[in-house]
Amino acid sequence: MKFAIIAAGEGSRLQQEGIALPKPLVKLCGEPMIERLVRIFTACEAEEVCIIVNDLFPETAAFVRELQQRPALPPISLTVQTTPSSMHSFAQLAPQLSDAPFCLTTVDTIFREDEFAAYINEFKASEADGLMAVTDYIDDEKPLYVGTDEVLNITGFFDQQPPAARYISGGIYALKPAALQTLQRCMAEGQSRMRNFQRGLIADGLKLRARPFTKILDVDHAADIQKAEAFLKGLQ
């Protein structure tokens, strides 16, 4: 199984709030966010980690190249390209993900490691086309609500909370290569938002299941760094 990290955003809100480091290199509990993900993926027996970073911050690419030299880590492929959206970044990585099941996330997605390991194990044993991480902890400026049936089959994705929808998308996608056909269609239609890709998976008839996490955080603002560290230390 492969793993992929989208780390090509500009991190403009963090910069505006006084954080000088590129977002992927911001440390949580002393560890850069991008290194944390690679370490977690390694523990999940990743056969390869595919990473895309932008060309605006060469120090991020340099850090990934240093990770590539560590013998304890799986093979790491690096794409350096500034893209207009996360979906465009995903599309750049897609050719590397077409031959095996994969898990994709953005660099600033923060979660409990034990829950992630259980999530990956469930996906490996699942016959579904995708297992999407969800949470009922809502601390997102524009949450994407996830509709499910009583056994957590996903029925839809919604910008506004529909009746009885408990969960939102956590931004972690474990998918089989068939999902890349939907990505290709969405790109051809000029779409650019990952939430529309998720809707496209349902529209194309792929079977998706939800896997609840107690909490998933994103680091978009300077205040989120302390919040994420407190969560990882078990203080929240």
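Coordinates for the structure precede this section.
Since we're looking at a predicted model, the values are computed, not measured.

Moving on, we get to the environment of Val53. One can find Val53 in strand 4 (residues 48–53). On the basis of relative accessible area, Val53 is assigned to the buried category, the value being 1%. Measuring from C-alpha to C-alpha, the distance between Val53 and Pro143 comes to 24 Å, with 90 residues separating the pair along the chain. Setting aside chain neighbours within four positions, we find Val53 in contact with Ala7, Ala8, Thr60, Ala61, Val64, Leu78, Thr79, Val80 and Gln81.

Another aspect to go through is the packing of aromatic side chains. One pass over the structure, following the stated rule, counts 9 aromatic pairs. Relative to Phe116, the ring of Phe41 has its centre 5.7 Å away and its plane inclined at 35°; by these criteria the two rings are tilted. Placement of the pair is Phe41 in helix 2 (residues 33–43) and Phe116 in helix 5 (residues 113–125), with a sequence separation of 75 residues. No difference in accessibility class separates Phe41 from Phe116, as the two residues are buried. Three or more aromatic residues joined by ring pairs make a cluster, and in this case those are Phe3, Phe41, Phe111, Phe116, Tyr119 and Phe213. When the ring centre of Phe111 is taken as origin, the NZ or CZ atom of Arg36, which lies over that ring, is 5.1 Å away.

As a further point, take the pattern of salt bridges. As enumerated under the stated definition, the model contains 18 salt bridges in all. A salt bridge links Lys23 to Asp220; the shortest N-O distance between them is 3.5 Å. With Lys23 in the loop between helix 1 (12–16) and strand 2 (27–28) and Asp220 in the loop between strand 13 (217–218) and helix 8 (222–232), the pair connects residues that are 197 residues apart, well separated along the chain. Of the charged contacts in the structure, one is a salt bridge between Arg39 and Glu113, with a shortest N-O distance of 3.0 Å. Of the two residues, Arg39 is situated in helix 2 and Glu113 in helix 5; the sequence distance between them amounts to 74 residues.

Rules used throughout
- Residues numbered from 1 in each chain as written.
- Predicted model: local features only at pLDDT ≥ 70, side-chain atom pairs only at ≥ 80, totals over all residues.
- Heavy atoms only, no water.
- Helix = DSSP H or I, 4+ residues; strand = E, 2+ residues; numbered from the N terminus.
- Buried < 20%, exposed > 50% of the residue type's maximum accessible area, 1.4 Å probe, protein only.
- Contact = heavy atoms within 4.5 Å.
- Phe/Tyr/Trp six-rings, centres within 6.5 Å; stacked < 30°, edge-to-face > 60°.
- Lys NZ or Arg CZ within 6 Å of the ring centre and 35° of its normal.
- Salt bridge = Lys/Arg side-chain N within 4 Å of Asp/Glu carboxyl O.

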